[in-house]
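Each chain, letter by letter, is given below.
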Protein chains: 2
Amino acid sequence: MSPYDPSAFPPFAVTVDLVVLTVRRHALCALVVRRGEQPFQGRWALPGGFVRGDEDLAAAAARELAEETGLCAHDPDSPASTPGAHLEQLATYGDPRRDPRMRVVSVAHLVLAPDLPAPRAGGDANSARWATVEDLLSQEGGFGREGEQSTPLAFDHARILGDGVERARSKIEYSSLATAFCPPEFTVGELRRVYEAVWGVALDPRNFHRKVTGTPGFLVPSGGTTTRQGGRPAQLFRAGGATVLNPPMLRPEV
Amino acid sequence: MSPYDPSAFPPFAVTVDLVVLTVRRHALCALVVRRGEQPFQGRWALPGGFVRGDEDLAAAAARELAEETGLCAHDPDSPASTPGAHLEQLATYGDPRRDPRMRVVSVAHLVLAPDLPAPRAGGDANSARWATVEDLLSQEGGFGREGEQSTPLAFDHARILGDGVERARSKIEYSSLATAFCPPEFTVGELRRVYEAVWGVALDPRNFHRKVTGTPGFLVPSGGTTTRQGGRPAQLFRAGGATVLNPPMLRPEV
DNA sequence: GCAATAGTGTCTATTAGACAGTATCGC
DNA sequence: GCGATACTGTCTAATAGACACTATTGC
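Residues numbered from 1 in each chain as written. Chains lettered and ligands numbered in written order. Predicted model: local features only at pLDDT ≥ 70, side-chain atom pairs only at ≥ 80, totals over all residues. Heavy atoms only, no water.

You'll find chain A entered in an unreviewed UniProt entry as NUDIX domain-containing protein, with Streptomyces albipurpureus given as the organism.

Colleague: How would you summarise the overall build of chain A if you had to cite specific residues and measurements?
Modeller: Scanning chain A from terminus to terminus reveals 5 helices and 10 strands. Considering chain A as a whole, with its 254 residues, one finds that 50% of them fall into the buried category. In chain A, the proportion of contacts linking residues at least 24 apart, taken out of those at least 6 apart, comes to 63%. Of the accessible surface of chain A, which amounts to about 11900 Å², a share of 53% is contributed by carbon and sulfur atoms. (Helix = DSSP H or I, 4+ residues; strand = E, 2+ residues; numbered from the N terminus. Buried < 20%, exposed > 50% of the residue type's maximum accessible area, 1.4 Å probe, protein only. Contact = heavy atoms within 4.5 Å. Areas by Shrake-Rupley, 256 points an atom, 1.4 Å probe, with all protein chains shown as cover.)

Colleague: Help me get a handle on the protein's contact with DNA strand D, residues and values and all.
Modeller: Within the structure, DNA strand D sits among 23 residues, and A:Arg232, A:Gln235, B:Arg206, B:Asn207 and B:Arg232 are positioned closest to it. Between DNA strand D and B:Asn207, the relevant distance is 2.8 Å, taken from a base nitrogen to a side-chain nitrogen or oxygen of the residue. Between DNA strand D and B:Arg210 there is a distance of 3.2 Å, counted from a base nitrogen to a side-chain nitrogen or oxygen. (Near = heavy atom within 4 Å. Polar contact = N/O pair within 3.5 Å; in protein donor to acceptor, adjacent residues only side chain to side chain.)

Colleague: Residues and numbers for the protein's contact with DNA strand C, please.
Modeller: By nearness alone, 22 residues border DNA strand C, and A:Arg206, A:Asn207, A:Arg232, B:Arg232 and B:Gln235 come closest of all. Restricting the count to atoms of DNA strand C within 4 Å of the protein gives a sugar and phosphate share of 54%. Residue B:His209 places a side-chain N or O atom 3.3 Å away from a sugar or linking oxygen belonging to DNA strand C. Looking at the surface near DNA strand C, the elements that each hand over two or more residues are helix H5 (205–214) of chain A together with helix H4 (188–199), helix H5 (205–214) and strand S10 (234–239) of chain B. Examining the composition of the surface near DNA strand C, we find that 4 residues originate from one element, H5(A), more than from any other. Class assignment of the residues belonging to the surface near DNA strand C gives a composition of 4 nonpolar, 9 polar and 9 charged. (Nonpolar A, V, L, I, M, F, W, Y, C, P; charged D, E, K, R; others polar.)

Colleague: Any details on the interface of chain B and chain A? Residues and values, ideally.
Modeller: Taken residue by residue, the interface counts 40 residues in chain B and 39 residues in chain A. Between chain B and chain A lies a buried interface of about 3200 Å² when both sides are counted; carbon and sulfur atoms form 60% of it. Applying the counting criterion to the chain B and chain A interface returns 0 salt bridges. There are 10 residue pairs in polar contact (both at pLDDT 80 or more) connecting chain B and chain A. Going through the elements one at a time, strand S1 (13–24), strand S6 (85–93) and strand S7 (104–112) of chain B are the ones with two or more residues in the side of chain B that touches chain A. (Buried area = accessible area lost by both parts, 1.4 Å probe. Salt bridge = Lys/Arg side-chain N within 4 Å of Asp/Glu carboxyl O.)

Colleague: Requested: an account of the relation of the copies chain B and chain A, with residues and values cited.
Modeller: Both copies of the chain are related by one operation, a rotation about an axis with a shift along it. For the pair chain B and chain A, the relating rotation is 180°, the translation along its axis is 0.0 Å, and the fit reaches an RMSD of 0.0 Å. Classification of the inter-copy transformation places it as that of a two-fold axis. Ranked by how close their C-alpha atoms come to the rotation axis, the residues of chain B are headed by B:Phe12, at 2.7 Å. Interface residue correspondence from chain B to chain A reaches 98%, placing this contact among same-surface, isologous pairings. (Least-squares fit on C-alpha atoms with pLDDT ≥ 70 in both.)

Colleague: Give me the pairing of strand S1 (residues 13–24) of chain A: which residues, what numbers.
Modeller: Residues and elements named next belong to chain A. The buried fraction of S1 is high, at 12 of 12 residues. The alternating pattern of S1 places Ala13, Thr15, Asp17, Val19, Leu21 and Val23 and Val14, Val16, Leu18, Val20, Thr22 and Arg24 on opposite faces, both of which are buried. Where S1 meets strand S7 (residues 104–112), 9 bridges bridge the pair, whose relative direction is parallel. Residue pairing in the sheet places Thr15 in a bridge with Ser106 of S7. As paired strands, S1 and strand S4 (residues 48–50) are joined by 3 bridges and run antiparallel to one another. Residue pairing in the sheet places Asp17 in a bridge with Gly48 of S4. Across 4 bridges, the pairing between S1 and strand S2 (residues 27–34) is antiparallel. Within S2, the residue paired with Val23 across the bridge is Leu28. Between S1 and the antiparallel strand that follows it, S2, lie 2 residues; Arg25 among them carries a positive phi value of about 50°. (Pairing = 2+ DSSP bridges.)

Spelled out as structure tokens, the structure:
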């Protein structure tokens, strides 16, 4: 067969799946939706859907994100987009048997978002929720915050979620992306709690403060202060222009 | 439309494209093939082809690699594969207009290989060659080593190649992947020349030697020595078991 | 000897990590 | 006052980078 014979290619469906991460109550959480149909009916899955015929992959991911959360994604590769959550391509999953019905290639995307109000999913408020990554990835399922048992995720979504979490854990080391988990204005302590939740470690508040305020372009003071965390008023910052951190934040050893 | 109605998805073609990098004569080079048909007939392009209906994405990439180079890819994610070149998924490109004939989503893969004999491409030795990354990515095309002008790469392959080069440049900082550019046994000086070619910088041989031999698990002595680089005989090493380098190699500032 | 590469030692400026101590809020 | 968090300063061990020096080959 000719390498580009348009009439001779096998038919594929192409979807986007979203790993939407946020930090809630000092825990790294992901957005999951309940499947209403077979296969895996009733199980939790990552949000996602088909790429339309005239739609770019990043556009499809941003559309699905808006449909599920109302978030406006900020794709660093596309020039003009309203500020909001960070969106980037994660990886593509194409095992021939990953969907029992047909050949589906899924282009997974990673979204990092600040703590949000309750998710919505097409008007059915009960069909989407935040769950801790720990619960979703524990082998037997574990228990959600309402005491509801989390069965394993549908399809290969546990692997996709694991890859997304690993990407987030490593990217906040050498980029300023941890600020994507924070509201527009935030304190050094709030940023530290993001690192602690994503990495699952405790960091020295004093050395952390010295490190982030000493990294050029990471944070810019916004002028105000807040006492929303209690204690002495803390200076408020915005994300600076730097995207790459040099020197990087160092993740403590195991 | 139901989010998973099997009869209602738009038809996509899915291909794999390969960014095959090697170091030749102190320069980072990529494998390109000449297109025999429209569009972009006669232009250079990255090797690649359709994913078969029952084939995983990584398997398709390994098959294309073997067809183009005879290399056996070593995918770190798959358990048993003959040692050879390193292969990993790079990114997926799905702009609706990236191929003028139809909707093609391409899952690009990155291959890092030691210096190889001349490439082959389906028996037609003239239709595949190594070109320096510098020539391929220079805006106007530049000149290849035979003095032949390199026109810009077909499709969006210049962008894919640029992304692959950037991935390679950053991955050799914090992983042991630079050894994938070396033969099974190599000297510290040969490894240093890999870093210098990929990063395009000059490194201090003495500090480099101290750094790589002091990083646990990076290199293991094989016992032999060689004088193939001239000068005092150099100890031969193999790649050690470590995949992540801690501390990382530091790329000098611009 | 001379050129080339390999390998070791030494000094210095920088920094990560540990931790003392002070500042400023709510209660 | 007390508890909490924010911030600044200090010490030490480790290290990146610069560079002097020696070792061992081919010619």
